[in-house]
Amino acid sequence: MKKILALVLALAMALALVACGDKDGEQQEGGTPNTTGEEKVVKIGVFEPLTGDNGAGGKQEVLGMQYANYVQPTVDINGETYKVELVYADNETKADKAVSAASNLVAQGVSIVLGTYGSRQAIAASETFKEAGIPALGVTCTNPQITEGNSHYFRICFTDPFQGIKMADYAYQKLGYTKAAVIFLKGADYNEGLAENFVTEFESLGGTVVDQESYSEGDVDFKTQLTSILGKGPEVVFCPNYYQDVGQILAQAESVGLNVPFLGGDGWDGLEGYATADQLKDSYFCAGYAKGSSADFEAAYKAEYG
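Residues numbered from 1 in each chain as written. Predicted model: local features only at pLDDT ≥ 70, side-chain atom pairs only at ≥ 80, totals over all residues. Heavy atoms only, no water.

1. Describing the overall build of the protein
Definition in use: Every helix listed is a DSSP run of H or I at least four residues long, and every strand listed is a run of E at least two residues long, numbered separately from the N terminus. Accessible areas in this description were obtained via Shrake-Rupley with a 1.4 Å probe; residue shielding takes into account the shown protein chains only.
When its secondary structure is counted, the protein shows nine helices and eleven strands. Looking at the protein as shown, the accessible area adds up to about 13600 Å², and 48% of this sits on carbon and sulfur atoms.

Now the structure itself:
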């Protein structure tokens, strides 16, 4: 639910970009709207992980796009009305599959692409969209490399450095913590990027990072790292990881007696059901949307989808 409003805005932006054609209604970039038959159609590519590690997050984004399409099923292009058709391609949370998924969308004649959840897939597919002249609009892919140095990939979300810096500011300036520890997945740009920026900012403010612990992909036992952190006596732990790992880390922190607040990035979105209220007491994370921010929108969305 926290990402849905951003997704509706993304599709609204996509509809605006799609409408930027020439006088004959043809697109300056990407596919040409279909004008055959009685109904005119413009296609928007949905480039998301519907399966794999990020499948849950991808499906959440797709719901937002579908709702936006429900709210605005047509778009006007040069005075003519076109039906908006969403075209789906599952990138399976894998960089190699992302390229084939992108090629599939290109082959189906989409005019613009929305997605994806997961920066690696966006980076992998970028060149495919560039060569086809199709603009892509990232919804929650936060790696700066996605948009740097090109004029075809855009984003509506914040970046990884922003998250790390702002969470350090919040920890030190707002919450008053002066001693922090960090635990993160090594070898992953998202996790390492947030961790690095948090450490740099926290220390620049005058705080002390008493311990930095990492773990490998696929690990399920974090007690060694958490016990080490416990021994250094931090007031707070920054845990810039995805919700599946965070749930296990919080449970194991409780088991070793590490009862301090944890902070995280937007990878925590979806943590409900993976951690208890007690484990999340006094914890915060950086989110693109907070529940309660738009009561009218939330009521309408729930009425449609339950």
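2. Looking at helix α8 (residues 243–256)
Rules: One less than the number of residues in a helix, times 1.5 Å, gives the span that helix is expected to have. Each residue gets one of three labels from its accessible area relative to the maximum for its type: buried under 20%, exposed over 50%, partly exposed in between, using a 1.4 Å probe on protein chains only. Pairs of residues are marked as contacts when any of their non-hydrogen atoms sit within 4.5 Å.
Under the 1.5 Å per step criterion, the end-to-end length of α8 is 20 Å for 14 residues, consistent within 8% with the ideal 20 Å. Considered for burial, the residues of α8 that qualify are Tyr243, Asp245, Val246, Gly247, Ile249, Leu250, Gln252 and Ala253. Elements that come into contact with the buried residues of α8 comprise α2 (55–71), β7 (179–185), β8 (208–215), α7 (223–232) and β10 (262–264). Just downstream of α8, glycine 257 is the residue with a positive phi angle, here 90 degrees.

3. Examining the packing of helix α3 (residues 95–107) against helix α4 (residues 119–132)
Test applied: Here an angle of 0 to 180 degrees is reported between the N-to-C directions of two axes, which are lines fitted to C-alpha atoms, with helices fitted over the stretch in contact. Crossing handedness is defined as follows: a turn of the near helix away from the far one that is anticlockwise and smaller than a right angle gives a left-handed crossing, while the clockwise case is right-handed. For this classification, the nonpolar set comprises Ala, Val, Leu, Ile, Met, Phe, Trp, Tyr, Cys and Pro, the charged set comprises Asp, Glu, Lys and Arg, and every other residue, Gly included, is treated as polar.
Where α3 contacts α4, the two axes come as close as 8 Å, and the packing angle between them is 30 degrees. Handedness of the α3/α4 crossing: right-handed. Judged by residue contacts, Ala95, Ala98, Val99, Ala102, Ser103 and Val106 of α3 engage Arg120, Gln121, Ala124, Ala125, Thr128, Phe129 and Ala132 from α4. Along the lines of polarity and charge, the residues of the contact of α3 with α4 split into nine nonpolar, three polar and one charged.

4. Structural notes on the packing of helix α5 (residues 160–174) against helix α6 (residues 189–204)
Going by this rule: Geometric relationships in this document are graded by angle, where less than 35 degrees denotes roughly parallel, more than 145 denotes roughly antiparallel, 65 to 115 denotes roughly perpendicular, and other angles denote oblique.
Orientation of α5 relative to α6, taken along the N-to-C sense of each, is 40 degrees, at an axis distance of 7 Å. Taken together, the axis directions place α5 and α6 in an arrangement best described as oblique. Seen from above, α5 lies across α6 with right-handed handedness. Taken together, the residues of α6 that come into contact with α5 (itself represented by Asp160, Pro161, Gln163, Gly164, Ile165, Met167, Ala168, Asp169, Ala171 and Tyr172) are Asp189, Tyr190, Leu194, Asn197, Phe198, Glu201 and Phe202. In terms of residue class, the contact of α5 with α6 is made up of ten nonpolar, three polar and four charged.

5. Description of the confidence of the model for the protein
Condition: Per-residue confidence from the prediction method is given by pLDDT, with values spanning 0 to 100.
Mean pLDDT over the protein works out to 89, with 88% of the residues at or above the 70 mark. Low pLDDT (under 50) marks residues 21–28, which in the prediction has 20 contacts with non-local residues, meaning those over four places away or in another chain.

6. Some thoughts on the pattern of salt bridges
We apply this condition: Throughout this description, the term salt bridge denotes a Lys or Arg side-chain nitrogen within 4 Å of a carboxyl oxygen of Asp or Glu.
Summed over all chains, the structure comprises three salt bridges. A salt bridge links aspartate 211 to lysine 232, with the nearest nitrogen and oxygen atoms 3.7 Å apart. Placement of aspartate 211 in strand β8 and of lysine 232 in helix α7 is noted, with a sequence separation of 21 residues between them. In this structure, the salt-bridge partner of lysine 281 is aspartate 282, at a minimum N-O distance of 3.3 Å.

7. Focus: the sheet that holds strand β2 (residues 74–77)
For the record, the criterion: At least two bridges found by DSSP between two strands is the condition for calling them paired.
Pairing within the open sheet is mixed, and its six strands lie in the order β2-β3-β1-β4-β5-β6. For this open sheet the edge positions go to β2 and β6 (153–155), each flanked by a neighbour on one side alone. Taken over all neighbouring pairs, the strand axes of this sheet differ in orientation by 35 degrees on average, direction set aside. In the sheet, strand β5 (residues 136–138) pairs with β6 via three bridges, with the strands oriented parallel. By the bridge assignment, alanine 136 is partnered in β6 with tyrosine 153. Contacts from α4 reach β1 (41–48), β4 (112–114), β5 and β6, with the element oriented near 145 degrees to β1.

8. Considerations on the nonpolar core
Condition: Nonpolar cores are built from buried Ala, Val, Leu, Ile, Met, Phe, Trp, Tyr and Cys residues. Side-chain atoms within 4.5 Å join them into one set.
Counting residues in hydrophobic clusters, the biggest one holds 21 residues, and the most contacted among them are Ile183, Leu226, Ile249 and Phe262. Elements that contribute at least two residues to this core include exactly β7, α7 and α8. Looking at which element gives the most residues to this core, the answer is α8, with five residues. Look past the residues within four positions of phenylalanine 262 in its chain and what remains in contact with it is Leu226, Val237, Cys239, Ile249, Leu250, Ala253, Trp268, Ser283 and Tyr284. In this structure, Tyr177, Ala180, Phe238 and Cys286 belong to the second largest nonpolar core, which totals 19 residues.

9. Structural notes on a nonpolar patch on the surface
Basically, it comes down to this: A residue counts toward a patch only above 30% relative accessible area and without a salt bridge, and it is joined to like-charged neighbours within 9 Å or, for Val, Leu, Ile, Met, Phe, Trp and Tyr, to nonpolar neighbours within 5 Å.
On the surface, a nonpolar cluster with roughly 370 Å² of combined accessible area is contributed by Leu63, Tyr70, Val71 and Tyr305. In terms of residues, the nonpolar patch owes the most to one element, α2, which gives three residues. As for its placement among the helices and strands, tyrosine 70 is situated in helix α2.

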